[in-house]
Amino acid sequence: MFRVDRTENRIARLAQRRFGELALRERDHLQEWLVHQPDALGEELLIIQKEFDGFDETRERLDLLALDKAGNLVVIENKLDDSGRDVTWQALKYTAYVSGLNKQQIVEIYQQYLDRYCGGGSAVERICEFIEVEELQETVLNPGNGQRMMFIAANFRREVTATVLWLLSRGIRAQCFRVVPYSFGDELFIDLQQIIPTPEAADYMIGISSKEVEETNAQGVQARRHQLRLRFWARALERLRADGITLFANVNPSRDHWLNAGSGVRGCPFTMAFARGEVRVEVNLARPDRDENKWLFDRLEADRSAIEARFGGEMSWSRLDERKQSRISYSHPFDGFEADNWPEMLNWLSEHIRKLEGAFRQPLAQYARSIPSVDETAEELARVSESLDPST
(Lines give C-alpha, C1' and ligand atoms only; values in the text may rest on other atoms or scores of the structure.)
Protein backbone atom coordinates (compact mmCIF):
# COMPACT_ATOMS: atom_id res chain seq x y z
CA MET A 1 0.00 0.00 0.00
CA PHE A 2 1.12 3.52 -0.79
CA ARG A 3 0.27 6.97 0.48
CA VAL A 4 -0.23 9.64 -2.19
CA ASP A 5 1.39 13.05 -1.66
CA ARG A 6 -0.55 15.24 -4.07
CA THR A 7 1.57 18.31 -3.32
CA GLU A 8 4.81 16.61 -4.37
CA ASN A 9 3.05 14.26 -6.84
CA ARG A 10 4.78 11.28 -5.24
CA ILE A 11 3.80 8.08 -3.50
CA ALA A 12 5.31 6.69 -0.30
CA ARG A 13 5.15 3.05 0.68
CA LEU A 14 3.32 2.26 3.90
CA ALA A 15 5.20 -0.01 6.28
CA GLN A 16 3.58 -3.43 6.54
CA ARG A 17 3.35 -4.51 10.18
CA ARG A 18 2.41 -7.52 12.26
CA PHE A 19 -0.40 -7.46 14.79
CA GLY A 20 1.92 -8.97 17.39
CA GLU A 21 4.52 -6.22 17.19
CA LEU A 22 1.74 -3.61 17.49
CA ALA A 23 0.41 -5.30 20.68
CA LEU A 24 -2.96 -5.75 18.98
CA ARG A 25 -4.97 -8.74 20.14
CA GLU A 26 -7.57 -10.84 18.42
CA ARG A 27 -10.35 -10.50 20.98
CA ASP A 28 -9.72 -6.94 22.17
CA HIS A 29 -9.02 -5.33 18.82
CA LEU A 30 -9.79 -7.15 15.54
CA GLN A 31 -12.96 -8.70 16.95
CA GLU A 32 -14.22 -5.37 18.28
CA TRP A 33 -13.47 -3.62 14.99
CA LEU A 34 -15.65 -6.13 13.17
CA VAL A 35 -18.41 -5.97 15.81
CA HIS A 36 -18.74 -2.23 15.23
CA GLN A 37 -18.12 -2.30 11.46
CA PRO A 38 -19.32 -5.67 10.13
CA ASP A 39 -19.79 -4.34 6.61
CA ALA A 40 -15.98 -4.24 6.39
CA LEU A 41 -16.49 -7.86 5.29
CA GLY A 42 -18.15 -6.70 2.10
CA GLU A 43 -21.83 -7.03 2.98
CA GLU A 44 -24.40 -6.11 5.59
CA LEU A 45 -24.20 -8.45 8.58
CA LEU A 46 -25.97 -8.35 11.94
CA ILE A 47 -23.67 -9.47 14.75
CA ILE A 48 -25.83 -11.48 17.17
CA GLN A 49 -23.20 -12.82 19.59
CA LYS A 50 -19.48 -12.80 20.35
CA GLU A 51 -17.46 -15.43 22.18
CA PHE A 52 -20.47 -17.69 21.77
CA ASP A 53 -20.22 -20.80 23.95
CA GLY A 54 -23.81 -22.08 23.91
CA PHE A 55 -22.90 -25.57 22.74
CA ASP A 56 -24.00 -28.67 24.64
CA GLU A 57 -21.26 -30.62 26.43
CA THR A 58 -18.40 -28.43 25.22
CA ARG A 59 -16.69 -25.26 26.40
CA GLU A 60 -15.58 -24.21 22.93
CA ARG A 61 -16.22 -20.62 21.86
CA LEU A 62 -16.64 -19.21 18.38
CA ASP A 63 -15.43 -15.66 17.86
CA LEU A 64 -18.44 -14.01 16.22
CA LEU A 65 -21.88 -15.22 15.17
CA ALA A 66 -23.87 -13.15 12.67
CA LEU A 67 -26.91 -13.15 10.40
CA ASP A 68 -26.77 -12.17 6.75
CA LYS A 69 -29.60 -10.43 4.88
CA ALA A 70 -31.05 -13.80 3.82
CA GLY A 71 -31.31 -15.01 7.44
CA ASN A 72 -28.32 -17.38 7.18
CA LEU A 73 -26.07 -17.83 10.21
CA VAL A 74 -22.45 -16.77 9.65
CA VAL A 75 -19.60 -18.15 11.78
CA ILE A 76 -16.66 -15.69 11.84
CA GLU A 77 -13.23 -16.87 13.04
CA ASN A 78 -10.35 -14.40 13.58
CA LYS A 79 -6.69 -15.47 13.81
CA LEU A 80 -4.60 -12.29 13.38
CA ASP A 81 -1.07 -12.89 11.99
CA ASP A 82 -1.40 -16.60 11.17
CA SER A 83 -4.49 -18.65 10.41
CA GLY A 84 -3.12 -21.72 12.20
CA ARG A 85 -3.59 -25.25 10.93
CA ASP A 86 -6.85 -26.05 12.70
CA VAL A 87 -9.01 -23.00 12.00
CA THR A 88 -11.09 -24.76 9.34
CA TRP A 89 -11.70 -27.73 11.62
CA GLN A 90 -12.79 -25.38 14.41
CA ALA A 91 -15.12 -23.46 12.13
CA LEU A 92 -16.62 -26.66 10.74
CA LYS A 93 -17.40 -27.84 14.27
CA TYR A 94 -18.95 -24.51 15.20
CA THR A 95 -21.00 -24.41 12.01
CA ALA A 96 -22.26 -27.91 12.67
CA TYR A 97 -23.18 -26.87 16.21
CA VAL A 98 -25.22 -23.83 15.09
CA SER A 99 -26.83 -25.57 12.10
CA GLY A 100 -29.62 -26.90 14.32
CA LEU A 101 -30.54 -23.57 15.93
CA ASN A 102 -34.16 -22.64 15.34
CA LYS A 103 -35.69 -19.19 15.13
CA GLN A 104 -36.56 -18.89 18.84
CA GLN A 105 -33.06 -19.93 19.90
CA ILE A 106 -31.48 -17.39 17.55
CA VAL A 107 -33.69 -14.63 18.95
CA GLU A 108 -32.72 -15.62 22.52
CA ILE A 109 -29.01 -15.63 21.64
CA TYR A 110 -29.27 -12.15 20.12
CA GLN A 111 -31.36 -10.86 23.05
CA GLN A 112 -28.63 -12.01 25.45
CA TYR A 113 -26.09 -10.14 23.33
CA LEU A 114 -28.17 -6.94 23.31
CA ASP A 115 -28.75 -7.11 27.06
CA ARG A 116 -25.08 -7.73 27.85
CA TYR A 117 -23.27 -5.50 25.35
CA CYS A 118 -25.76 -2.98 23.93
CA GLY A 119 -27.85 -1.83 26.89
CA GLY A 120 -30.91 -3.81 25.85
CA GLY A 121 -33.38 -3.44 23.01
CA SER A 122 -35.72 -5.83 21.23
CA ALA A 123 -33.98 -8.65 19.36
CA VAL A 124 -37.14 -9.38 17.36
CA GLU A 125 -37.52 -5.76 16.21
CA ARG A 126 -33.88 -5.42 15.21
CA ILE A 127 -33.85 -8.69 13.28
CA CYS A 128 -37.05 -7.68 11.44
CA GLU A 129 -35.57 -4.29 10.57
CA PHE A 130 -32.31 -5.87 9.38
CA ILE A 131 -34.00 -8.48 7.18
CA GLU A 132 -36.67 -5.93 6.17
CA VAL A 133 -39.80 -7.79 7.14
CA GLU A 134 -42.78 -6.56 9.12
CA GLU A 135 -43.01 -9.56 11.44
CA LEU A 136 -40.57 -12.33 12.27
CA GLN A 137 -42.95 -15.09 11.20
CA GLU A 138 -42.61 -13.85 7.63
CA THR A 139 -39.01 -15.03 7.35
CA VAL A 140 -36.89 -18.13 7.90
CA LEU A 141 -33.79 -17.87 10.08
CA ASN A 142 -30.97 -20.38 9.60
CA PRO A 143 -32.58 -22.06 6.58
CA GLY A 144 -31.53 -25.50 5.38
CA ASN A 145 -27.78 -25.88 5.00
CA GLY A 146 -27.31 -22.16 4.42
CA GLN A 147 -24.79 -21.71 7.26
CA ARG A 148 -21.65 -19.83 6.22
CA MET A 149 -18.05 -19.50 7.42
CA MET A 150 -15.69 -16.53 7.29
CA PHE A 151 -11.97 -16.81 8.12
CA ILE A 152 -9.92 -13.70 8.85
CA ALA A 153 -6.11 -13.63 9.20
CA ALA A 154 -3.04 -11.82 7.89
CA ASN A 155 -1.68 -15.06 6.42
CA PHE A 156 -3.37 -18.33 5.50
CA ARG A 157 -1.57 -21.64 5.55
CA ARG A 158 -1.85 -23.81 2.48
CA GLU A 159 -3.84 -26.48 4.28
CA VAL A 160 -6.42 -23.84 5.19
CA THR A 161 -6.83 -22.40 1.69
CA ALA A 162 -6.94 -25.90 0.19
CA THR A 163 -9.69 -26.90 2.62
CA VAL A 164 -11.73 -23.76 1.93
CA LEU A 165 -11.46 -24.30 -1.82
CA TRP A 166 -12.58 -27.91 -1.37
CA LEU A 167 -15.56 -26.77 0.73
CA LEU A 168 -16.53 -24.32 -2.00
CA SER A 169 -16.36 -27.07 -4.61
CA ARG A 170 -18.86 -29.01 -2.49
CA GLY A 171 -21.27 -26.06 -2.36
CA ILE A 172 -20.44 -24.97 1.22
CA ARG A 173 -20.11 -21.21 1.45
CA ALA A 174 -16.77 -20.27 3.00
CA GLN A 175 -14.67 -17.11 2.59
CA CYS A 176 -11.14 -16.05 3.48
CA PHE A 177 -10.30 -12.42 4.25
CA ARG A 178 -6.71 -11.22 4.50
CA VAL A 179 -6.29 -8.45 7.07
CA VAL A 180 -2.95 -6.66 7.13
CA PRO A 181 -1.93 -3.68 9.30
CA TYR A 182 0.15 -0.85 7.82
CA SER A 183 1.62 2.23 9.42
CA PHE A 184 2.71 5.67 8.26
CA GLY A 185 4.22 7.69 11.05
CA ASP A 186 1.83 7.47 13.97
CA GLU A 187 -1.11 6.50 11.75
CA LEU A 188 -2.30 2.90 11.58
CA PHE A 189 -4.18 1.48 8.58
CA ILE A 190 -5.91 -1.85 8.02
CA ASP A 191 -6.25 -3.49 4.62
CA LEU A 192 -9.08 -6.06 4.68
CA GLN A 193 -9.64 -7.94 1.44
CA GLN A 194 -11.54 -11.09 0.46
CA ILE A 195 -9.11 -13.46 -1.24
CA ILE A 196 -11.27 -16.60 -1.47
CA PRO A 197 -13.64 -17.37 -3.20
CA THR A 198 -13.86 -16.03 -6.71
CA PRO A 199 -16.96 -13.88 -7.38
CA GLU A 200 -18.53 -16.72 -9.36
CA ALA A 201 -18.97 -18.93 -6.27
CA ALA A 202 -22.66 -19.63 -5.60
CA ASP A 203 -24.71 -20.58 -2.58
CA TYR A 204 -25.88 -24.14 -2.21
CA MET A 205 -29.01 -24.88 -0.27
CA ILE A 206 -30.02 -28.26 1.18
CA GLY A 207 -33.11 -28.67 3.36
CA ILE A 208 -32.86 -29.85 6.97
CA SER A 209 -35.83 -32.04 7.87
CA SER A 210 -36.06 -30.79 11.46
CA LYS A 211 -36.83 -27.27 10.20
CA GLU A 212 -38.98 -28.08 7.16
CA VAL A 213 -42.27 -27.36 8.94
CA GLU A 214 -41.07 -23.99 10.23
CA GLU A 215 -39.75 -22.99 6.82
CA THR A 216 -42.91 -24.07 4.99
CA ASN A 217 -45.17 -22.18 7.40
CA ALA A 218 -43.09 -19.01 7.17
CA GLN A 219 -42.95 -19.15 3.39
CA GLY A 220 -46.73 -19.63 3.22
CA VAL A 221 -47.35 -16.63 5.48
CA GLN A 222 -44.90 -14.58 3.43
CA ALA A 223 -46.60 -15.47 0.14
CA ARG A 224 -50.07 -14.58 1.46
CA ARG A 225 -48.87 -11.26 2.80
CA HIS A 226 -47.07 -10.44 -0.42
CA GLN A 227 -50.34 -10.87 -2.30
CA LEU A 228 -52.23 -8.84 0.30
CA ARG A 229 -49.77 -5.96 0.02
CA LEU A 230 -49.84 -6.01 -3.76
CA ARG A 231 -53.61 -5.63 -3.69
CA PHE A 232 -53.53 -2.91 -1.04
CA TRP A 233 -50.88 -0.82 -2.82
CA ALA A 234 -52.71 -1.15 -6.14
CA ARG A 235 -55.82 0.27 -4.44
CA ALA A 236 -53.77 2.98 -2.72
CA LEU A 237 -52.08 4.17 -5.92
CA GLU A 238 -55.43 4.21 -7.71
CA ARG A 239 -56.88 6.32 -4.90
CA LEU A 240 -53.97 8.81 -5.00
CA ARG A 241 -54.39 9.25 -8.76
CA ALA A 242 -58.12 9.85 -8.29
CA ASP A 243 -57.33 12.50 -5.65
CA GLY A 244 -54.89 14.28 -7.97
CA ILE A 245 -51.79 13.36 -5.94
CA THR A 246 -48.88 12.85 -8.35
CA LEU A 247 -46.16 12.10 -5.80
CA PHE A 248 -46.38 8.33 -6.46
CA ALA A 249 -47.31 8.61 -10.14
CA ASN A 250 -44.26 6.61 -11.29
CA VAL A 251 -44.40 4.02 -8.50
CA ASN A 252 -45.75 0.49 -8.98
CA PRO A 253 -47.48 -1.72 -6.40
CA SER A 254 -45.02 -3.66 -4.26
CA ARG A 255 -44.91 -6.79 -2.09
CA ASP A 256 -43.10 -4.78 0.60
CA HIS A 257 -44.88 -3.11 3.47
CA TRP A 258 -43.80 0.33 2.28
CA LEU A 259 -43.79 2.48 -0.86
CA ASN A 260 -41.22 5.24 -1.41
CA ALA A 261 -41.50 8.36 -3.55
CA GLY A 262 -38.83 10.96 -4.26
CA SER A 263 -38.79 14.08 -2.15
CA GLY A 264 -36.40 15.95 -4.43
CA VAL A 265 -33.52 15.23 -2.03
CA ARG A 266 -31.35 12.19 -2.71
CA GLY A 267 -31.72 9.44 -0.12
CA CYS A 268 -34.63 11.10 1.70
CA PRO A 269 -37.88 9.62 0.34
CA PHE A 270 -41.44 10.26 1.39
CA THR A 271 -42.86 6.90 2.47
CA MET A 272 -46.24 5.26 2.98
CA ALA A 273 -46.12 2.19 5.24
CA PHE A 274 -48.75 -0.52 5.60
CA ALA A 275 -48.34 -2.62 8.76
CA ARG A 276 -50.65 -5.14 10.34
CA GLY A 277 -51.65 -2.77 13.13
CA GLU A 278 -51.23 0.67 11.56
CA VAL A 279 -50.53 2.79 8.53
CA ARG A 280 -47.86 5.49 8.50
CA VAL A 281 -46.53 8.34 6.47
CA GLU A 282 -42.91 9.24 7.07
CA VAL A 283 -39.79 11.01 5.91
CA ASN A 284 -36.78 8.70 5.87
CA LEU A 285 -33.37 10.34 6.09
CA ALA A 286 -31.41 7.48 4.56
CA ARG A 287 -28.48 9.02 2.73
CA PRO A 288 -25.30 6.90 2.50
CA ASP A 289 -23.52 9.08 5.06
CA ARG A 290 -24.75 8.75 8.66
CA ASP A 291 -23.52 12.20 9.70
CA GLU A 292 -25.46 13.85 6.88
CA ASN A 293 -28.65 12.14 8.06
CA LYS A 294 -28.15 13.29 11.63
CA TRP A 295 -27.30 16.83 10.48
CA LEU A 296 -30.49 17.01 8.40
CA PHE A 297 -32.56 15.57 11.23
CA ASP A 298 -31.22 18.15 13.71
CA ARG A 299 -31.99 21.01 11.33
CA LEU A 300 -35.52 19.78 10.70
CA GLU A 301 -36.14 19.15 14.39
CA ALA A 302 -35.07 22.73 15.15
CA ASP A 303 -37.99 23.70 12.84
CA ARG A 304 -40.31 21.18 14.48
CA SER A 305 -43.00 23.61 15.62
CA ALA A 306 -43.38 25.19 12.20
CA ILE A 307 -43.30 21.84 10.38
CA GLU A 308 -45.90 20.26 12.66
CA ALA A 309 -48.09 23.34 12.34
CA ARG A 310 -48.04 22.96 8.54
CA PHE A 311 -48.63 19.21 8.84
CA GLY A 312 -51.43 19.63 11.35
CA GLY A 313 -50.35 17.18 14.05
CA GLU A 314 -47.64 16.10 16.47
CA MET A 315 -45.23 13.72 14.76
CA SER A 316 -42.81 11.06 15.99
CA TRP A 317 -39.18 12.26 15.65
CA SER A 318 -36.70 9.36 15.74
CA ARG A 319 -33.04 10.36 15.47
CA LEU A 320 -31.96 6.69 15.88
CA ASP A 321 -28.43 7.44 17.05
CA GLU A 322 -27.41 3.77 16.93
CA ARG A 323 -28.32 3.51 13.23
CA LYS A 324 -27.33 5.20 10.00
CA GLN A 325 -30.74 6.61 9.11
CA SER A 326 -33.24 8.83 10.94
CA ARG A 327 -37.02 8.98 10.58
CA ILE A 328 -39.93 11.36 11.13
CA SER A 329 -43.34 9.71 11.01
CA TYR A 330 -47.06 9.98 11.71
CA SER A 331 -49.25 6.89 12.17
CA HIS A 332 -52.79 5.75 12.83
CA PRO A 333 -53.91 2.35 14.18
CA PHE A 334 -55.79 0.11 11.76
CA ASP A 335 -56.15 -3.63 11.30
CA GLY A 336 -54.59 -3.63 7.86
CA PHE A 337 -55.16 -7.33 7.25
CA GLU A 338 -58.92 -6.78 7.34
CA ALA A 339 -59.87 -5.60 3.84
CA ASP A 340 -63.08 -3.98 5.12
CA ASN A 341 -60.84 -1.34 6.77
CA TRP A 342 -59.07 -0.44 3.55
CA PRO A 343 -61.39 2.38 2.38
CA GLU A 344 -60.84 4.27 5.65
CA MET A 345 -57.09 3.54 5.52
CA LEU A 346 -56.87 4.85 1.96
CA ASN A 347 -58.70 8.04 2.95
CA TRP A 348 -56.19 8.51 5.76
CA LEU A 349 -53.15 7.88 3.55
CA SER A 350 -54.35 10.19 0.80
CA GLU A 351 -54.93 13.02 3.26
CA HIS A 352 -51.71 12.63 5.22
CA ILE A 353 -49.23 11.93 2.43
CA ARG A 354 -50.38 15.23 0.92
CA LYS A 355 -49.81 16.94 4.28
CA LEU A 356 -46.40 15.30 4.67
CA GLU A 357 -45.20 16.54 1.30
CA GLY A 358 -46.51 20.03 1.99
CA ALA A 359 -44.80 20.20 5.37
CA PHE A 360 -41.38 18.82 4.42
CA ARG A 361 -40.56 19.43 0.77
CA GLN A 362 -39.40 23.03 1.14
CA PRO A 363 -37.37 22.80 4.40
CA LEU A 364 -35.84 19.47 3.37
CA ALA A 365 -34.64 20.91 0.06
CA GLN A 366 -33.39 24.06 1.78
CA TYR A 367 -31.30 22.22 4.34
CA ALA A 368 -30.03 19.65 1.83
CA ARG A 369 -28.45 22.47 -0.18
CA SER A 370 -26.47 23.45 2.92
CA ILE A 371 -25.14 20.04 3.99
CA PRO A 372 -21.54 20.59 5.11
CA SER A 373 -18.61 18.38 4.22
CA VAL A 374 -18.10 15.12 6.12
CA ASP A 375 -15.36 16.64 8.30
CA GLU A 376 -17.44 19.73 9.08
CA THR A 377 -20.43 17.54 9.97
CA ALA A 378 -18.37 15.36 12.31
CA GLU A 379 -16.91 18.42 14.04
CA GLU A 380 -20.36 19.97 14.51
CA LEU A 381 -21.85 16.72 15.88
CA ALA A 382 -18.91 16.47 18.28
CA ARG A 383 -19.57 20.02 19.50
CA VAL A 384 -23.24 19.20 20.00
CA SER A 385 -22.33 16.06 21.93
CA GLU A 386 -19.94 17.99 24.17
CA SER A 387 -22.55 20.64 24.87
CA LEU A 388 -24.95 17.91 26.05
CA ASP A 389 -22.34 16.15 28.25
CA PRO A 390 -23.02 17.12 31.87
CA SER A 391 -19.39 16.45 32.77
CA THR A 392 -18.11 19.26 30.53
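For clarity, every value in this text was computed on a predicted model and none was experimentally measured. (Residues numbered from 1 in each chain as written. Predicted model: local features only at pLDDT ≥ 70, side-chain atom pairs only at ≥ 80, totals over all residues. Heavy atoms only, no water.)

Notes on the overall build of the protein
What the protein contains, in helices and strands, is 10 helices and 14 strands. Within the protein, the proportion of its 392 residues that are buried is 45%. When contacts within the protein are restricted to residue pairs at least 6 apart in sequence, long-range pairs at least 24 apart make up 63% of them. Of the roughly 20,600 Å² that the protein leaves accessible, carbon and sulfur atoms contribute 45%. (Helix = DSSP H or I, 4+ residues; strand = E, 2+ residues; numbered from the N terminus. Buried < 20%, exposed > 50% of the residue type's maximum accessible area, 1.4 Å probe, protein only. Contact = heavy atoms within 4.5 Å. Areas by Shrake-Rupley, 256 points an atom, 1.4 Å probe, with all protein chains shown as cover.)

Points about the nonpolar core
Residues Leu41, Leu67, Ile76, Val98, Ile127 and Ile152 are the most contacted members of the largest nonpolar core, which totals 45 residues. The dominant element in this core, judged by the number of residues it contributes, is helix H3 (residues 103-117), at 6 residues. Sequence-distant contacts of Ile76, defined by excluding residues within four places in its chain, comprise Leu41, Leu45, Ile47, Asp63, Leu64, Ala66, Met150 and Ile152. In terms of nonpolar packing, the next biggest core, distinct from the first, is built from 43 residues, Val265, Val279, Leu285 and Met345 among them. (Core = buried A, V, L, I, M, F, W, Y, C linked by side-chain atoms within 4.5 Å.)

Section: the environment of Glu357
With respect to the helices, strands and loops of the structure, Glu357 is situated in helix H9 (residues 342-368). For Glu357, a relative accessible area of 21% translates into the label partly exposed. As for Glu357 and Leu247, which are separated by 110 residues in sequence, their C-alpha atoms are 8.4 Å apart. Apart from residues no more than four positions distant in its own chain, Glu357 is found in contact with Leu247 and Phe270. In terms of polar contacts, Glu357 uses its side chain to reach the side chain of Arg361, at 2.9 Å. (Polar contact = N/O pair within 3.5 Å; in protein donor to acceptor, adjacent residues only side chain to side chain.)

Section: the layout of surface pockets
Of the voids in this model, the largest pocket is the one considered here, and its volume is about 2,000 Å³. Taken together, the elements giving at least two residues each to the lining of the largest pocket come down to helix H1 (26-36), strand E4 (45-52), H3, helix H4 (123-131), strand E10 (258-261), strand E11 (270-274) and strand E12 (278-285). Among the elements that line the lining of the largest pocket, the one with the most residues is H4, at 5 residues. Its residues assigned to classes, the lining of the largest pocket shows 19 nonpolar, 9 polar and 18 charged. (1 Å grid on protein atoms, 1.4 Å probe; cavity = no way out; pocket = protein on both sides within 12 Å on 5 of 7 lines; lining within 4 Å. Points joined across faces, edges and corners; volume = space filled by probe spheres on them. Nonpolar A, V, L, I, M, F, W, Y, C, P; charged D, E, K, R; others polar.)

Observations regarding unusual backbone geometry
In terms of backbone geometry, most residues other than glycine have negative phi values and most peptide bonds are trans. Despite not being glycine, Leu80 has its phi angle at roughly 55°, a positive value. In this structure, Leu80 sits in the loop between strand E6 (73-78) and helix H2 (87-98). Note on Leu80: relative accessible area 11%, which makes it buried. Here Asn142, not a glycine, exhibits a phi torsion of approximately 60°, which is positive. Inspection of the secondary structure assignment puts Asn142 in the loop between H4 and strand E7 (148-153).

Overview of the packing of helix H7 (residues 290-302) against H9
Taken N-terminus to C-terminus, the directions of H7 and H9 make an angle of 130°; their axes are 10 Å apart at the nearest point. By the angle between their directions, the pair H7 and H9 is classed as oblique. Pair H7 / H9 crosses with right-handed handedness. In this structure, H7 contributes Trp295, Leu296, Arg299 and Leu300 to the contact, and H9 contributes Phe360, Pro363, Leu364, Tyr367 and Ala368. Grouping the constituent residues of the contact of H7 with H9 by class yields 8 nonpolar, no polar and 1 charged. (Axes fitted to C-alpha atoms, helices over the stretch in contact; angles between N-to-C directions. Parallel < 35°, antiparallel > 145°, perpendicular 65-115°, else oblique. Left-handed = near helix turned anticlockwise from the far one by under 90°.)

Things to note about the pattern of salt bridges
Taken as a whole and judged by the stated rule, the model has 29 salt bridges. Residue Asp28 is joined to Arg25 by a salt bridge in which the shortest nitrogen-to-oxygen separation is 2.8 Å. For Arg25, a relative accessible area of 46% translates into the label partly exposed. Here Arg319 and Asp321 are joined by a salt bridge, their closest N and O atoms 2.4 Å apart. Salt bridges here are not isolated pairs; linked through shared partners, they connect Glu134, Glu135, Glu138, Arg225, Arg229 and Arg276. (Salt bridge = Lys/Arg side-chain N within 4 Å of Asp/Glu carboxyl O.)

A closer look at the side chain of Glu308
Within the secondary structure, Glu308 sits in helix H8 (residues 304-311). Given a relative accessible area of 14%, Glu308 falls into the buried group. Beyond its immediate sequence surroundings of up to four residues, Glu308 is in contact with Gly313, Glu314, Met315 and Trp317.

Brief notes about H2
A rise of 1.5 Å per residue sets the reference length of H2, with its 12 residues, at 16 Å; its end C-alpha atoms lie 17 Å apart and thus fit the reference within 8%. Among all positions of H2, only Val87, Thr88, Ala91, Lys93, Tyr94, Thr95 and Val98 are buried. The secondary structure elements touched by the buried residues of H2 are E4, strand E5 (62-68), E6, E7 and helix H5 (158-169). (Expected span 1.5 Å × (residues − 1).)

Observations concerning the confidence of the model for the protein
On average, residues of the protein score 87 in pLDDT, and 88% of them are at 70 or above. Note that pLDDT drops below 50 for residues 199-213; the model gives that stretch 21 contacts with residues more than four away or on any other chain. (pLDDT = per-residue confidence, 0-100.)

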